[in-house]
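An overview of the molecular structure
The lines below spell out each chain.
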Amino acid sequence: MTFPASHKTVFILDHSPEFAESCRQNIDFDIFTKSRTTGVIPLAPIAKTLWTCTCEATLEYCRIVNDIFPYGKLLRFIASDTEAHILNSWKQDEQSITQVRPREEQNASSSANYDVELLHHKDAHVDMFNHLSPSEVGNGITLKWCTPRSNTVELHNCTGAFRVTPVDVISRPSSCLTNFLLNGRQVMLEQPRKTGSKVISHLLTSHGGVIFIHCLSTSRSTLEEPPSISEGCGGRVTDYRITDFGEYMKENRVVPKDVTEDCDELPLTRSKAQLERQTRHWPMVISNTVVFNILSHVDPLPSLITKEHLDEEDILDCKKSIYHLVGMESRNESLPVPVMGTRGKGPKREEQYRQMWSELEMLVRSCSDLSPAHESILDCVVDCRKPSEDHVKSPKRKGEVKEEKTERISSTMSSSSSSSSLATDKAWQDLDRYKGMSEREKKDFNLGDTNNDHNQYADSPQSPPPVKKQKTLTGEKSRGPRSFLALWNNKLNSVYSRKHEEFAGRMSSVGNMAELYPQMNAEEDGSLAPTNGQG
Amino acid sequence: MPSIVLLDASLSMARPLPATEGSEEYQRRHLAQHGITTLLDYMAANSRLEFTALAAFSSLWELVVPFTRDYNQLKSSLLKLEVYDKTMMETALAGVSTIILDEWGSATPCQLILVTDGRVGIGAGSLKHMLDHYKPAKEQSLPIPFPFPCKIQVMLICSQAEALQSGTLNLFQKLIDINNGGGNVHFPEGGLSLKSVQQMFLKFAESAYAPFYGTLRCGHLKSDIQLAPAPERYYKKHDFKVVDKVMSPDLEICSFLDIGDVSSPPAISRHLVLPTSTKDSSSKDGEEEDTTEDGKIPSFCVLLHGSLKVENMVAIVQLGFLKMMYRFISDYEVHPYGEDDSKTPFPVRPLEKRSYAQNTVVWIKPSGLQADIQKVLRQARKLPDKQQAFYKELNRLRKAALSIGFLELLEGVASMLERECTLLPGTAHPDAALQLTHAAKLLRLSAERDILQNITPLQTNFTEND
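What you see is a predicted model; the values in this text were computed from it and never measured.

1. A few points about the nonpolar core
The tendency in soluble globular proteins is for nonpolar side chains to be buried as a group. Core analysis: the largest hydrophobic core is formed by 46 residues, its most contacted members being B:Trp363, B:Ile373, B:Phe390, B:Leu394, B:Phe406, B:Leu409 and B:Leu417. Every element with two or more residues in this core is listed here: helix 1 (50-68) and strand 4 (74-80) of chain A together with helix 11 (366-380), helix 12 (387-403), helix 13 (407-422) and helix 14 (430-445) of chain B. Not counting the four nearest positions on each side in its chain, B:Leu394 is found in contact with B:Val376, B:Leu417, B:Ala439, B:Leu443 and B:Ile455.

Encoded structure:
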């Protein structure tokens, strides 16, 4: 590793008596008497000593270098007379000015045109040096100020950013420009081309009180004409939860951290953990969710449940949300679910509630391992699911399965069967919905912790069979009036289900409908009988 | 990265191969055409979004096909190429430099694929002549090193033995070394034949134009993606460290940021993130159907694209080597983005202010000095009302003068203040004269006092009464 030549710079300042002599450049410092009428004789001009000139020059050097290269450069000043006086330690950061090239910039927006000469790293003009001969570059390059068209914030194709400082920092044009930039405005700069045309090549802007020049790409982009997103994967789906994901993004924005602050956990790890918690159940499209379509009735549960810790108030708020839904259901209020992509009238109210409870349980269950408090919310959801559901549904469910079987034989049969028309409609709806949902189901299953997802579709007709069926069973058993034994069993089952290792065969056949249905049919009698019995 | 195929069209490319019985007679240029076609076919199948140009050279050079994604055009033009006169590498390289600079500027990494029979020419303009005249770190007119990052891949249409014997191998290696952008000399393995040349190009294509597949993840949401163009290994020597990174295929989103807060940072490279099929693409037959089917499956990538666009935000992705510090919105007592999302905690302000952002004193030009004296004088004339401002300006001037040993100025300003005292009108407040005299006196004594010890106002009966 070689250090750059500009890493350390030593200045030796001649501090001998000769330097106490005048530089013989007189300055009229008393010029303010002219405006007065009294006819005062101005004071005699003064002159700096050679030492003063030396000091001024070194300070100006420090100013420029410190502005442009604030880090990684070391500078030392030694005054030499009868002995060497070290004036500073290496800790002052500086850098050689040889890396700096001046540039002029014209301010065309004011009535009187004047230039502001700026200094910055020469790499900011690397592109131009390749296009222009050294003589053309000369002592500077003139770029023209061009007023930005609009204030829209955009991400420019930037190839480099370098600090700048004005050559004459206290001149009026300089401070005009720097104040303009420090107040948060941007200046676009145009570069003349050989052909006579102009192109916007640079951008001046300040970041936290430091002014930078950004080099913008002036050449062709390799990313031009990208393939249309609508023609790619997922491009035909039209009901993405764009706004909801926007909210999720806003909640997960970065915030500056004080580096002196202690942290027991790396912020990056914490950030990822938060992103993970909040996406345990996150349906990507509107038609795949009920809960997130009726947020005004479910809030604040969905946002609270993904928190790492729940305090007493949070638990209470979550439970209030659940009780609110129970209340709605008992008052026979319809859920304000938007009708999307469903044939006919859309799902019936009871079906909506069933889907909603199912999804709500899935959501809460996905977070139930975060803390005992989270688990208590899950218990609450499980307890609150309509106890009478089984009574109403169980016979229906049997009907459904039958209908599906029938449908496979002849699709017209179900519609002609007038005796079970209600069940038939429902079966159709379920089937449609299942078709729509299967991919996400698969996705959720792939994404989520399988342990958490076991009961995702508990007691929904599309619930993929064996293990889930078992769970459903335990879930349903615990409904209705409860004994302590039922509660205890329920608790034990939930503990066991977490330890349960998924059957390898079923893991691999996820989303494969062809394999799911025969199993369902095969188990129809065995698994549904107890439910019937209970009802 | 954009690639330019530079094909040797000198007469020596028309040399026939040693005839093998029963087969057609091939010239070296036929082998070259065949090899390049193999390369183009591979690119058309695997990196359709890349830009490629075709140029030919002998003693002159010509841009046959400008940068394009139209691989058929490249292939058909390739077959129409004729042979010309002698090999002049220097002009050809200069030509490539111009073509790439005009099209892509100096920041886009490019790839030069030089296809030649290894006959490097003689005399001025030949490769050997050019390399012999190369002197590092001198102003010169040689085209290399290129003024943009560029790999040079030399595809030799000659046997290894031939290349070693003539010393061509070393020459080309030196060319690559001087250009300092990476690259290799490739030659057909196991003798020169149609097959070995094809193999050489295929091997190169697989190493240079393999598509980059990965996974974009945000918590449990994920999407299989392709990055186009494929990211390159990043290697850069900085002042105090060498950075050498290869992008991991696991792209993990770790946070988000408003586009305004990102403020157009410089990018090392830019890539399109394209969602790819989650299914195995083993069944090539039903490709058309697959595409339609894939379009209907929700993709996280498309969701993210939509939300970023609507919200004007960016996602911060960990590429395997990200180091960042930030804390959480929930850690703040006041919401850092404001309850109504009207604020931003960015940018973070450094503790130190730059010279243009503070009240810097520069007296190199007389105007700077005069302006600062005028500030003192202006306040002096408004004494005693502007007493605080007067002493502030006076101390600023005093400190600056002392730090550069400008004692003459202190004497001058002291005289000036004393004169102001004599010019005070009869109606002036008596405190004005007292403060001016006091300030002038202390200014003269400055040299013996501590630079940090400011001049403080004179405590008078009048000030006490205030």
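There's plenty left to go through after this.
2. Quick notes on the pairing of strand 8 (residues 221-228) of chain B
All names here are of chain B. Taking burial as the measure, the eight residues of strand 8 include six buried ones, the bulk of the element. Pairing of strand 7 (residues 212-218) with strand 8 involves seven bridges; the strand directions are antiparallel. Bridged to Thr-215 within strand 8 is Asp-224. What sits between strand 7 and strand 8 in their antiparallel hairpin is a turn of two residues, with Gly-219 showing a positive phi close to 60°.

3. Thoughts on the sheet that holds strand 8 of chain B
All names here are of chain B. Reading across the sheet, the five strands line up as 12-8-7-11-13 and stay open at both edges, with mixed pairing between neighbours. Two strands in the sheet have a free side with no partner beyond their single neighbour: strand 12 (272-275) and strand 13 (313-318). Between one strand and the next, the sheet's axes are offset by a mean angle of 45°, whatever the strand orientation. Relative to strand 12, strand 8 runs antiparallel, the two being bridged by four bridges. If you follow Gln-226 over to strand 12, its bridge partner there is Leu-274.

4. Focus: the environment of A:His281
Residue and element names in this part refer to chain A. Following the sequence through the fold, His-281 ends up in the loop between helix 6 (267-278) and helix 7 (295-298). On the basis of relative accessible area, His-281 is assigned to the buried category, the value being 4%. For the pair formed by His-281 and Arg-365, sequence separation is 84 residues and the distance between their alpha carbons is 9.4 Å. At 2.9 Å, the side chain of His-281 forms a polar contact with the side chain of Glu-359.

5. Focus on the packing of aromatic side chains
To describe a pair of aromatic rings, one takes the distance between the centres and the angle between the planes. On inspection of all chains with the given rule, the structure shows 14 aromatic pairs over all chains. Both rings, one in A:Phe245 and one in B:Phe300, keep their centres 5.7 Å apart while their planes meet at 75°; by these two values the pair is edge-to-face. Pair noted here: A:Phe245 is in helix 5 (residues 242-251) and B:Phe300 is in helix 10 (residues 300-311), and the two residues belong to different chains. Grouping residues by exposure puts A:Phe245 and B:Phe300 together as buried. Aromatic pair B:Phe390 and B:Tyr391: ring centres 5.1 Å apart, planes at 75°, arrangement edge-to-face. Across the pair, exposure class does not vary: B:Phe390 and B:Tyr391 are buried alike. Feature note: the residues A:Phe245, A:Tyr248, A:Trp282, B:Phe256 and B:Phe300 constitute an aromatic cluster, connected by ring pairs. Here the basic side chain of A:Arg241 rests over the ring of A:Phe292, its NZ or CZ set 4.3 Å away from the ring centre.

6. Description of the sheet that holds strand 5 (residues 84-86) of chain A
Two modes of strand pairing occur in sheets, parallel and antiparallel, and in both the strands are linked by backbone hydrogen bonds. Residue and element names in this part refer to chain A. As summarised here, the arrangement of the three strands in space is 1-4-5, forming an open sheet in which the pairing is mixed. Where the open sheet ends on each side, the last strands, each with one partner, are strand 1 (8-14) and strand 5. The average undirected angle you get between the axes of adjacent strands in this sheet is 25°. Both strand 1 and strand 4 contribute to a ladder of seven bridges, which runs parallel. The residue bridging Asp-14 from the neighbouring strand is Ser-80, located in strand 4. Against the sheet, helix 1 makes contact with strand 1 and strand 4, and its axis sits at roughly 165° relative to strand 1, the strand it touches most.

7. Overview of the pattern of salt bridges
All told, the structure shown has 34 salt bridges over all chains when counted by the stated rule. Between A:Arg241 and A:Asp244 there is a salt bridge, with the nearest N and O atoms lying 2.9 Å from each other. Owing to a relative accessible area of 4%, A:Arg241 belongs among the buried residues under this scheme. For A:Arg253, the salt bridge is made with B:Asp258, and the minimal N-O distance between the two is 2.7 Å. You can see A:Arg253 sitting in the loop between helix 5 and strand 13 (255-256) and its partner B:Asp258 sitting in strand 11 (residues 250-258), one on each of two chains. The residues A:Arg253 and B:Asp258 share a single accessibility class, namely buried. One salt-bridge network, held together by shared partners, links A:Glu60, A:Arg63, A:Asp67, B:Glu352 and B:Arg354.

Conventions we followed
Residues numbered from 1 in each chain as written. Chains lettered and ligands numbered in written order. Predicted model: local features only at pLDDT ≥ 70, side-chain atom pairs only at ≥ 80, totals over all residues. Heavy atoms only, no water. Core = buried A, V, L, I, M, F, W, Y, C linked by side-chain atoms within 4.5 Å. Buried < 20%, exposed > 50% of the residue type's maximum accessible area, 1.4 Å probe, protein only. Helix = DSSP H or I, 4+ residues; strand = E, 2+ residues; numbered from the N terminus. Contact = heavy atoms within 4.5 Å. Pairing = 2+ DSSP bridges. Axes fitted to C-alpha atoms, helices over the stretch in contact; angles between N-to-C directions. Polar contact = N/O pair within 3.5 Å; in protein donor to acceptor, adjacent residues only side chain to side chain. Phe/Tyr/Trp six-rings, centres within 6.5 Å; stacked < 30°, edge-to-face > 60°. Lys NZ or Arg CZ within 6 Å of the ring centre and 35° of its normal. Salt bridge = Lys/Arg side-chain N within 4 Å of Asp/Glu carboxyl O.

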